[in-house]
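Here is how the chains run, residue by residue.
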2 protein chains.
Amino acid sequence: MTFSYKYERPALAVDCVVFGLDDDDLKVLLIRRDIEPFQGRWALPGGFVRMDETVDEAAKRELVEETGVGRVFLEQLYTFSALDRDPRERVVSVAYFALVNLSDHRVKAATDAREAAWFATSDLPALAFDHEIIVDKALERLRGKVRYQPVGFELLPPKFTLRMLQRLYEKVLEKALDKRNFRKKVLAMGLLEELDEVEQDVAHRAARLYRFDKKRYRELEKQGFDFEL
Amino acid sequence: MTFSYKYERPALAVDCVVFGLDDDDLKVLLIRRDIEPFQGRWALPGGFVRMDETVDEAAKRELVEETGVGRVFLEQLYTFSALDRDPRERVVSVAYFALVNLSDHRVKAATDAREAAWFATSDLPALAFDHEIIVDKALERLRGKVRYQPVGFELLPPKFTLRMLQRLYEKVLEKALDKRNFRKKVLAMGLLEELDEVEQDVAHRAARLYRFDKKRYRELEKQGFDFEL
DNA sequence: TGACTTAGTGTCCGTTTGACACCATTCTTC
DNA sequence: GAAGAATGGTGTCAAACGGACACTAAGTCA
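Each value, and the rule that gives it
- Counting restarts for each chain: residues are numbered from 1 in the order of the written sequence.
- Following the order in which they are written, the chains are lettered starting with A and the ligands numbered starting with 1.
- Where totals are concerned, whole chains, interfaces and linings use all residues; where local detail is concerned, this predicted model gives features only for residues with pLDDT of at least 70, and gives and counts side-chain atom pairs only at 80 or more.
- Each side-chain value is derived from all of the structure's non-hydrogen atoms; neither hydrogens nor water enter the calculation.
- By definition, residues are in contact when any of their heavy atoms lie within 4.5 Å.
- Each of two parts loses accessible area, computed with a 1.4 Å probe, when they are put together; buried area is these two losses added.
- For this analysis, a salt bridge means a side-chain nitrogen from Lys or Arg found within 4 Å of a carboxyl oxygen belonging to Asp or Glu.
- Whenever two N or O atoms come within 3.5 Å, that pair is a polar contact, provided that in protein one can donate a hydrogen and the other can accept it, and provided that, for residues adjacent in sequence, both atoms are side-chain atoms.
- Counting from the N terminus, the helices are DSSP H or I runs at least four residues long and the strands are E runs at least two residues long.
- Throughout, the ten residues Ala, Val, Leu, Ile, Met, Phe, Trp, Tyr, Cys and Pro are labelled nonpolar, Asp, Glu, Lys and Arg are labelled charged, and all others, Gly among them, are labelled polar.
- The pairing criterion is simple: DSSP has to find at least two bridges between the two strands.
- The buried label applies to any residue whose accessible area, calculated with a 1.4 Å probe on protein chains only, is under 20% of its type's maximum; exposed applies above 50%, and partly exposed to all values in between.
- A residue counts toward the fit only if its pLDDT is at least 70 in both copies, and the copies are then superposed by least squares on the C-alpha atoms of those residues.
- Note on ring pairs: Phe, Tyr and Trp rings are taken, using the six-membered ring of Trp, and paired if centres are within 6.5 Å. Classes follow the plane angle, with under 30 degrees stacked, over 60 edge-to-face and the rest tilted.
- Whether a charge sits over a ring comes down to the Lys NZ or Arg CZ being within 6 Å of the ring centre and within 35 degrees of the ring normal.
- Where each domain begins and ends follows an automated or database-derived domain assignment.
- To estimate the expected span of a helix, count its residues, drop one, and scale the result by 1.5 Å.

## Quick notes on the interface of chain A and chain B
Facing 33 residues of chain A, the contacting portion of chain B comprises 33 residues. For the pair chain A and chain B, the two sides together bury roughly 3,000 Å², of which 51% comes from carbon and sulfur. At the boundary of chain A and chain B, one finds 2 salt bridges. The salt bridge involving A:R9 is made with B:E89; its shortest N-O contact spans 2.8 Å. Taken together, the links from chain A to chain B amount to 17 residue pairs in polar contact (both at pLDDT 80 or more). Elements with a minimum of two residues in the side of chain A that touches chain B: β1 (3-5), β2 (11-21), α1 (55-67), β6 (75-80) and β7 (91-100) of chain A. The residue makeup of the side of chain A that touches chain B, split by class, is 15 nonpolar, 6 polar and 12 charged. With 3 bridges connecting them, β1(A) and strand β1 (residues 3-5) of chain B associate as antiparallel partners. Looking at β1(B), one finds that A:Y5 is bridged to B:F3.

## As for the side chain of B:R85
All names here are of chain B. In this structure, R85 sits in the loop between β6 (75-80) and β7 (91-100). On the basis of relative accessible area, R85 is assigned to the buried category, the value being 7%. Looking at R85, its side chain comes within polar contact range of the main-chain oxygen of V91, at 3.0 Å. Beyond its immediate chain neighbours, meaning those up to four positions away, R85 contacts D15, F80, V91, V92, S93, F129, D130, H131 and I134.

## Comments concerning the relation of the copies chain A and chain B
Mapping one chain copy onto the other needs a rotation about an axis and a shift along that axis. When chain A is fitted to chain B, the residual RMSD is 0.1 Å, and the transformation amounts to a turn of 180° plus an axial shift of 0.0 Å. Both chain copies can therefore be described as sitting about a two-fold axis. The rotation axis passes nearest to the C-alpha of A:S4 in chain A, at a distance of 2.0 Å. By residue overlap, the copies meet face to face through one surface: 100% of the interface positions of chain A are interface positions in chain B.

## Concerning the packing of aromatic side chains
Residue and element names in this part refer to chain A. Within this structure, the stated rule accounts for 17 aromatic pairs over all chains. Between F153 and F160, the aromatic rings sit 5.9 Å apart at their centres with planes inclined by 40°, giving tilted as the arrangement. These aromatic residues form a ring-pair network of at least three members: F153, F160, F212 and Y217. Over the ring of Y78 we find K137; its NZ or CZ atom is 3.9 Å from the centre of that ring.

## A look at the domain arrangement of chain A
Where interface size is quoted, it is often the accessible area lost as the parts come together. Residue and element names in this part refer to chain A. The assigned domain composition of chain A is domain 1 (11-147) and domain 2 (156-222). Taking only C-alpha atoms into account, the centre of domain 1 sits 27 Å from that of domain 2. Opposite the 10 residues of domain 1 that make contact, domain 2 presents 10 residues. Of the roughly 860 Å² buried between domain 1 and domain 2, counting both surfaces, carbon and sulfur atoms make up 64%.

## Things to note about α1(A)
All names here are of chain A. The terminal C-alpha atoms of α1 lie 18 Å apart, and with 13 residues this matches the ideal 18 Å at 1.5 Å per residue to within 8%. Every buried residue belonging to α1 is among V55, A58, A59, R61, E62, L63, E66 and T67, and all of these are buried. Downstream of α1 by one or two residues, G68 has phi in the positive range, about 75°.

Now the structure itself:
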């Protein structure tokens, strides 16, 4: 069965740039392509949009199907439409990006039928299609967002230390931050709930754990509060 | 002649939200639809993407064809894909937005074959499709941009007074600004070139004219300078 | 020439930002 | 159990910035 149209149409696809944070690095989730074109190369998870779903839904579906990563906030990034971005035929792709706590998703991704893995953004392999361009755009957006939104809590486990949070910001912004000033600022925002717990199994003094106060965030957001860091 | 595909595909379109500044108001450029659906209603300029052009090119082309507005910096805004956004069939639309100096474009738009006109954003007519949602998204983006980029010079004539610039910011941000603080800040950015001219034909003391120093802007931008206002 | 309208200018104060160094705690190793 | 290694946790000061605030100057019009 085929579908016929009076005018030629490009195919419509989605691609997802999913960032995770590792002890060492900001990472991106990639899958290895098992079909041509670019068979064997690493690529962003994604696929074609179906007629009974929005583009947002397609992105979410493809991400789960190909990597097992679900329950993620996907934000639309940009639509890529260069004429030759797919060698087979004209494909326009709507890119999405998401932040996840890598430790939640490390195993799932690796055990899925398709080969999926995390790669440090600073050391990516050659990617299929125009996916390098898409990743660059996503990084740019992440850097922009991080400056005026308390983004990045998604990248950490539910309970985290201030040092972990600082390292995250340093990775994303690619610059060192002063410990005292960072703590002062981030605590002053009032979005962190101090827990009566400390991290475990570290070979030095254990740091206090904090939790992101989502409820308070939503309250302040509603009041047009500014979260510039 | 028809085109057949193995899988069903949505049609792909573009829509343009073009903002202009009037003495009184922030305005949007609309065209009146001359065919069904929504015949007779006002809508954003736009149309279907061709196979030999990128989405960016399609937006630019449609804008010129339907309104005569050209030489404009169009920035991609968002891709809209609700299943029922077009009553005829599934259409996914990539929206763009642009800022233009309204006085340059007032006449052209009005004399084009299709009926085109500027409407105050605060007083829009009922729009076709989901175009109200698109305009809202564009306004949100404009407000976001204006805070950290010296956006908006595009909305003014090449030579403008500081008062005009301030009014622009007040319209976009929807709040009053202090004259002295505004001037202090905007001049401190060093992006304005003071001219040896004053405005003409005003019924009071004439204000000095300034010009936006694009060259300097690009220099500072390259150095990662911050233009928060 | 007087009334009206907008242009143009500076100070002060409270807040924020960024630079900067030391002791505390816990674990490891000898 | 003492010393060492690693990281946690804390405060001050000075400079820059942001926001509140009011008057004189210049030009037009009647």
